[in-house]
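Residue strings, one per chain:
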Amino acid sequence: MPISALAAPYAAHVIDARSGKVLHSRNADTRLHPASLTKMMTLYIAFEAVRNGEITLDTKVRISKHAASEPPSKLGLRSGQTIALRYLIRAAAVKSANDAATAIGEAISGSEAAFARRMNRTAKAMGMSRTTFKNAHGLTESGHLSTARDMTALGRHVIYDYPQYYNLFSRQTADAGVKRVSHTNRRLLQSYKGADGIKTGYTRAAGFNLVASAQRRNERVIATVFGGKSTASRNARVAELLDMGFRRAPSRAALRKPARPAYAGNVTAAGGTTAAKTVRVVASVQKSLRPRLRPSPSIEVAETVVTAAAADGDKVQASVEAAIAAASQSVATAAAETPKVDVAEATLTSTSVSVPRPTARPAELTVALVKPTKPPVPQEPEIVTRLSTSGGQHWGINVGRYGSRYQAEKVLLRTALAEMATLDGSLRKVNQTSAGFDANFVGMTRDTADLACRRLKARNVTCFMIGP
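Reading the values: rules and limits
Residue positions are given per chain, counted from 1 along the sequence in the order it is written. Local features in a predicted model are, by the rule used here, given only for residues with pLDDT of at least 70; side-chain atom pairs are given and counted only at 80 or more, and totals for whole chains, interfaces and linings are based on all residues. Excluding hydrogens and water, the side-chain figures rest on all heavy atoms present in the structure. Under the scheme used here, helices are H or I runs from DSSP no shorter than 4 residues and strands are E runs no shorter than 2 residues, and both carry numbers assigned from the N terminus. Partly exposed residues are those whose accessible area sits between 20% and 50% of the maximum for their type, while under 20% is buried and over 50% is exposed, using a 1.4 Å probe and protein chains only. Should any heavy atoms of two residues lie within 4.5 Å, those residues are considered in contact. The Shrake-Rupley method, run with a 1.4 Å probe, gives the accessible areas here. Residue values count only the displayed protein chains as cover. Working definition: rings of Phe, Tyr and Trp (its six-membered ring) pair if their centres are within 6.5 Å, and the pair is stacked with planes under 30 degrees apart, edge-to-face with planes over 60 apart, and tilted otherwise. Strand pairing is defined by DSSP finding a minimum of two bridges between the two strands. Axes, fitted as lines to C-alpha atoms, cover a helix only where it is in contact. Angles between the N-to-C directions of the axes lie from 0 to 180 degrees. Within a predicted model, pLDDT stands for the predictor's per-residue confidence, ranging from 0 to 100. By definition, disulfides here are pairs of cysteine sulfur atoms that lie within 2.5 Å. A helix is expected to reach a length of 1.5 Å times the quantity of its residues less one. Buried Ala, Val, Leu, Ile, Met, Phe, Trp, Tyr and Cys residues form a nonpolar core when they are joined through side-chain atoms within 4.5 Å.

Remarks on the overall build of the chain
And then number 1: For the chain, the count of helices and strands is twelve helices and 15 strands.
And then number 2: Taken over 468 residues, the chain has a buried fraction of 42%.
And then number 3: Of the contacts formed within the chain by residues at least 6 apart in sequence, a portion of 67% connects residues at least 24 apart.
And then number 4: Carbon and sulfur atoms make up 53% of the accessible area of the chain, which totals about 25,900 Å².

Following this line, the structure appears as structure tokens:
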């Protein structure tokens, strides 16, 4: 039985990401299998855990036997192996690795079951009312269901709640620690103008799913498809939905970011939730000390304390002046006899009242004048040239001339999706001439361009090669 025959019912949902306004919807509230779209929530909670101090990107995660035994797609982690969290995140986001997703959940919540409960609490806080998660990876499990509307909302939260991590979803390749991995959605990322994410999903029960986002100028559209019949047909449908979204979305719209869900953390044994780990720096001051004098080059003068007591203010003042004179005389005598002398504390005691005197300033005060220096003169930038490393990819093909740029871009997109085998890695380019708009694929080798043209001509598509 062909895989497409087992695909789930079709559902779609398109929104203006800036405002959340719905631009198109079909079966958007039907509960279906989300497949690896689930990993958007796994990664969202990982970002949340890092933000709240539960874990760091450099935390070494030990891979359990359960995580290592997950079926493909996987990174190939071994039981007992340790790997930094950042590599698990990259593997889950780019390659859609099931073993990495399970390891993330176990590292944050202790077990995949506990992590699934946290996923459901977070989904509820986001308003994803028709979603139930049972695992961290999205492989088919009874009751593990979501909707096109809920997954679109989740994708919007990923974009706006953690923009510092969103670039992960547009990386066509990434270093996952043990090896370099390729993006599961790289064909749409390469062929659709402005596409920058987010997540693919496939199981036999779900069909080919995708939550895609694209930005052009100030406009951003999110389109979700459930139940695609194949990768190519799903990508083509998503491209059509994104085009529809950009046509229907206003060129200007106020940005209304979704409210970030309340942080709950992990549930404790007592039924509560763990709080975010924060680092607090507390300065304990037991006694307020007066600053000490800087010593002169030859004499260290200790603090002089004068204690005086008298009922008559004039007598106190006279006593203080006498103490100051005595201390000054002591300092002068010590300076004449030895190069460095500690002057002892001088005390004048009367009856009952203590009056501390201010500490005397140093006998000599040296002020050093620093001549300001001129700011450094910026150096001229060095221009470095090098030989091209394009590997001879100076060839291309032309698939027609059209009356408008839009028509040329549309033909390029349709052709790229239809002939992925030979056009993968090439660049779509529209050249405007006096006669119209040329639709070209460039950045190819001669052999690749020749093969692509022959395959397209076999499909009755106009094509000729473009030389360097």
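Resuming the write-up.
Concerning the packing of aromatic side chains
And then number 1: Under the counting rule described, the total for this entry stands at six aromatic pairs.
And then number 2: Here F47 and Y162 contribute two aromatic rings whose centre-to-centre distance is 5.8 Å and whose plane-to-plane angle is 55°, an arrangement assigned as tilted. Of this pair, F47 sits in helix 1 (residues 39-51) while Y162 sits in the loop between helix 6 (148-161) and strand 5 (173-175), and the two are 115 residues apart along the sequence. We note that F47, like Y162, is buried.
And then number 3: A network of ring pairs unites the aromatic residues Y44, F47, Y162 and Y165 as a single cluster.

Some details on the sheet that holds strand 7 (residues 195-203)
And then number 1: In space, the five strands of this open sheet follow the order 2-1-9-8-7, with antiparallel pairing throughout. With partners counted over all chains shown, the strands left at the sheet margins are strand 2 (22-26) and strand 7, one partner each. The sheet shows a mean angle of 5° between the axes of neighbouring strands, taken without regard to direction.
And then number 2: Direction of pairing for strand 8 (residues 207-216) relative to strand 9 (residues 219-228): antiparallel, over a ladder of eight bridges. Its bridge partner lying in strand 9, S213 is registered against I222.
And then number 3: Contacts from helix 6 reach strand 1 (11-16), strand 2, strand 7, strand 8 and strand 9 within the one sheet, and its direction differs from that of strand 9 by about 140°.
And then number 4: Of the strands in this sheet, strand 1, strand 2, strand 7, strand 8 and strand 9 are in contact with helix 8 (residues 231-248), which crosses strand 8 at around 35°.

A short note on the confidence of the model for the chain
And then number 1: Residue-level pLDDT values for the chain average 81, and 71% of them are 70 or greater.
And then number 2: A low-confidence stretch, residues 296-316 (pLDDT under 50), is modelled with 50 contacts involving residues beyond four sequence positions or located in other chains.
And then number 3: Long-range and interchain partners of residues 383-390, a stretch whose pLDDT sits below 50, account for one contact in this model, where long-range means more than four residues apart.

Some thoughts on the state of the cysteines
A disulfide bridge is the covalent bond that connects two cysteines by way of their sulfur atoms.
And then number 1: Under the defined criterion, the tally for this structure stands at one disulfide.
And then number 2: Bridging C453 to C463, the disulfide has an S-S length of 2.0 Å. The chirality of the disulfide connecting C453 with C463 is left-handed, given an S-S dihedral of about -90°. Within this pair, whereas C453 is found in helix 12 (residues 446-458), its partner C463 is found in the loop between helix 12 and strand 15 (464-466), the two being separated by ten residues in sequence.
And then number 3: Classification of C453 by relative accessible area gives buried; the value is 4%.

Regarding helix 6
And then number 1: Taking 1.5 Å as the rise per residue, helix 6 with 14 residues should run 20 Å; its terminal C-alpha atoms sit 20 Å apart, in good agreement.
And then number 2: Burial runs high along helix 6: twelve of the 14 residues are buried.
And then number 3: Burial in helix 6 covers these residues: A148, D150, M151, T152, L154, G155, R156, H157, V158, I159, Y160 and D161.
And then number 4: On its buried face, helix 6 is in contact with strand 1, helix 1, helix 5 (112-126), strand 7, strand 8 and strand 9.

Structural notes on the nonpolar core
And then number 1: If you look at the biggest cluster of nonpolar residues, it comprises 60 residues, and the most contacted ones within it are M41, L88, I104 and F169.
And then number 2: Looking at this core, the elements that each hand over two or more residues are strand 1, helix 1, helix 2 (65-68), helix 3 (85-95), helix 4 (98-109), helix 5, helix 6 and strand 9.
And then number 3: Ranked by residues supplied to this core, first place goes to helix 1 with nine residues.
And then number 4: Setting aside anything within four residues of it in sequence, one finds M41 in contact with M119, T122, A123, M126, M128, F133 and L154.
And then number 5: Counting residues in hydrophobic clusters, the runner-up holds 23 residues, among them L210, A239, L242 and M244.

Points about the sheet that holds strand 13 (residues 427-433)
And then number 1: Pairing within the open sheet is antiparallel, and its four strands lie in the order 13-14-12-15. Two strands lie at the open edges of the sheet, namely strand 13 and strand 15, each paired on one side alone. With direction set aside, neighbouring strand axes in the sheet form an average angle of 35°.
And then number 2: Strand direction decides the pairing type here: strand 12 (residues 395-402) and strand 14 (residues 436-444), joined by six bridges, are antiparallel. Bridge pairing in strand 14 links G396 to V442.
And then number 3: Relative to the sheet, helix 10 (residues 405-418) contacts strand 12, strand 13 and strand 14, its axis offset from that of strand 13 by approximately 155°.
And then number 4: The strands touched by helix 12 within the sheet are strand 12, strand 14 and strand 15, with strand 12 carrying the most contacts at an inclination of about 35°.

Observations regarding the pairing of strand 2
And then number 1: Strand direction decides the pairing type here: strand 1 and strand 2, joined by four bridges, are antiparallel. Across the sheet, residue A12 finds its bridge partner in strand 2, namely R26.
And then number 2: Hairpin connection between strand 1 and strand 2: a loop of five residues separates the two successive antiparallel strands, and G20 in this loop has a positive phi of roughly 85°.

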